[in-house]
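# Observations on the model geometry
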Amino acid sequence: MKHFYLIENSRRGKLPGVRRLMEDYVKQHGADIICATDGETDEIPGSTDCLIVMGGDGTIMRAANITAGTSIPLIGINVGNLGYLTSVSSEDEIIPMLDQLLNDEYKIENHCMLKGTWTDDQGDHTAVSFNDINISRSASRAVGMRISVNGELLNEYLADGIIVSTPTGSTAYNLAAGGPIVDTAADVMILTPICPHAFMARSVVLGMDNAVEVQITGDSDEELPADVAFDGEIRGHLPAGTSVRITRANTVIPMIRLCGDTYFKTLRNKMNQIHG
């Protein structure tokens, strides 16, 4: 790799001076790096070999959505909290990371995305997500939902919402809501109800090639009982009767895995951080 693009979350100050360290080291080795601040990202050049993201998982999600469809691989440096999606967490790991990138000593893992489509009085809508699609109540009361898979009823819920997650997103909102941790190499989507009004309501894991439909039920006179969010960003308001169809997206996000790094090593380290 010779051409790098760095997105830095300027609100995180966990590793001061790392940006300059990377700039100097990359240039000393005959490569180039363009540095940008999260939220002020310029158009990423087509010649970019690697996108380095310095921030937390939220910064990586935003970068993934920016680069979706470009085939530019990502690698993350954690300057946030847990950083499940990052590969590097301390300053002494920066130079070894750059050495592997400069010498092409790494592997690339493709992470699947989800696509959601729905129709309202404003027309047809489509959006994609790297972590999850979350359909949740927009008022103080629970929302009724009818969940179908490939046209067949799966279940009906009265709940605060439902999370449809990729394996990558299984350690995000899905995990906080009691859903399972899923290996990012698995070709599945995870359905996890949020605070369901039922004694036995568990997550359901489905093959990624299924089509899930979430229909908002209830009184048609209710005003906007639910919102739909993609990677935490609300993209639509759903009146009763509206359905969101969720399928595999056509794009994947290539992420770099460094030598000696594995999914289970990262997971073990992050879980140890949580439990002290």
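Just above, that's the structure.
Criteria and cut-off values
Residues numbered from 1 in each chain as written. Predicted model: local features only at pLDDT ≥ 70, side-chain atom pairs only at ≥ 80, totals over all residues. Heavy atoms only, no water. Helix = DSSP H or I, 4+ residues; strand = E, 2+ residues; numbered from the N terminus. Buried < 20%, exposed > 50% of the residue type's maximum accessible area, 1.4 Å probe, protein only. Contact = heavy atoms within 4.5 Å. Areas by Shrake-Rupley, 256 points an atom, 1.4 Å probe, with all protein chains shown as cover. Polar contact = N/O pair within 3.5 Å; in protein donor to acceptor, adjacent residues only side chain to side chain. Pairing = 2+ DSSP bridges. Axes fitted to C-alpha atoms, helices over the stretch in contact; angles between N-to-C directions. Phe/Tyr/Trp six-rings, centres within 6.5 Å; stacked < 30°, edge-to-face > 60°. Core = buried A, V, L, I, M, F, W, Y, C linked by side-chain atoms within 4.5 Å.

## Focus: the overall build of the protein
Scanning the protein from terminus to terminus reveals five helices and 16 strands. Within the span of the protein, comprising 276 residues, buried residues form 49% of the whole. Considering only contacts in the protein between residues 6 or more positions apart, those separated by 24 or more positions represent 68%. Of the roughly 12,900 Å² of accessible surface on the protein, a fraction of 47% belongs to carbon and sulfur atoms.

## So, the side chain of threonine 192
Within the secondary structure, threonine 192 is located in strand S11 (residues 188-194). The buried category is assigned to threonine 192, whose relative accessible area is 1%. In terms of polar contacts, threonine 192 uses its side chain to reach the side chain of asparagine 174, at 2.6 Å. Excluding its chain neighbours within four sequence positions, the residues that come into contact with threonine 192 are Ile162, Ile163, Asn174, Ala177, Gly179, Pro180 and Ser203.

## Concerning the sheet that holds strand S14 (residues 226-230)
Spatially, the six strands line up as an open sheet ordered S12-S11-S10-S7-S14-S15, and their pairing is antiparallel. In the strand order of this sheet, the two ends are held by strand S12 (204-207) and strand S15 (233-238), each with one partner. The sheet shows a mean angle of 20° between the axes of neighbouring strands, taken without regard to direction. Relative to S11, strand S10 (residues 161-165) is paired through five bridges, and the arrangement is antiparallel. Its bridge partner being in S11, isoleucine 163 is matched across the sheet by threonine 192.

## Considering the pairing of S11
In terms of burial, S11 is largely enclosed, as seven of its seven residues are buried. Going residue by residue along S11, you find Val188, Ile190, Thr192 and Ile194 tucked away on one face and Met189, Leu191 and Pro193 tucked away on the opposite face as well.

## Here we look at unusual backbone geometry
Notably, aspartate 104 is not glycine yet its phi reads approximately 55°, a positive angle. Position of aspartate 104 relative to the elements: it lies in the loop between helix H3 (94-102) and strand S5 (106-120). Residue cysteine 195 is not a glycine yet carries a positive backbone phi of 45°. By the element assignment, cysteine 195 lies in the loop between S11 and S12. Here cysteine 195 falls in the exposed class, since its relative accessible area comes to 52%.

## A look at the packing of aromatic side chains
Inspection of the entire model under this criterion finds one aromatic pair. Considering the side-chain rings of tryptophan 118 and phenylalanine 230, the 5.7 Å spacing of their centres and the 25° angle between planes classify their relative orientation as stacked. Residue tryptophan 118 is located in strand S5, and its partner phenylalanine 230 is located in strand S14; the two are separated by 112 residues in the primary sequence.

## Overview of the nonpolar core
For soluble globular proteins, nonpolar side chains are generally found buried alongside one another. One finds Ile135, Met145 and Val212 to be the most contacted residues of the largest nonpolar core, which totals 28 residues. Top element by residues in this core is strand S8 (residues 143-149). It accounts for four residues. Excluding anything up to four places from it in sequence, methionine 145 contacts Ile135, Asn155, Glu156, Tyr157, Ala159, Gly161, Ile162, Val214, Gln215, Ile216 and Thr217. By size, the runner-up hydrophobic cluster in this structure holds 24 residues, among which are Cys50, Val88, Leu101 and Ile256.

## Topic: the side chain of asparagine 210
One can find asparagine 210 in the loop between S12 and strand S13 (212-217). Reaching out from asparagine 210, the side chain makes a polar contact with the side chain of asparagine 150 at a distance of 2.6 Å. At a separation of 2.9 Å, a polar atom in the side chain of asparagine 210 contacts the main-chain carbonyl oxygen of glycine 207.

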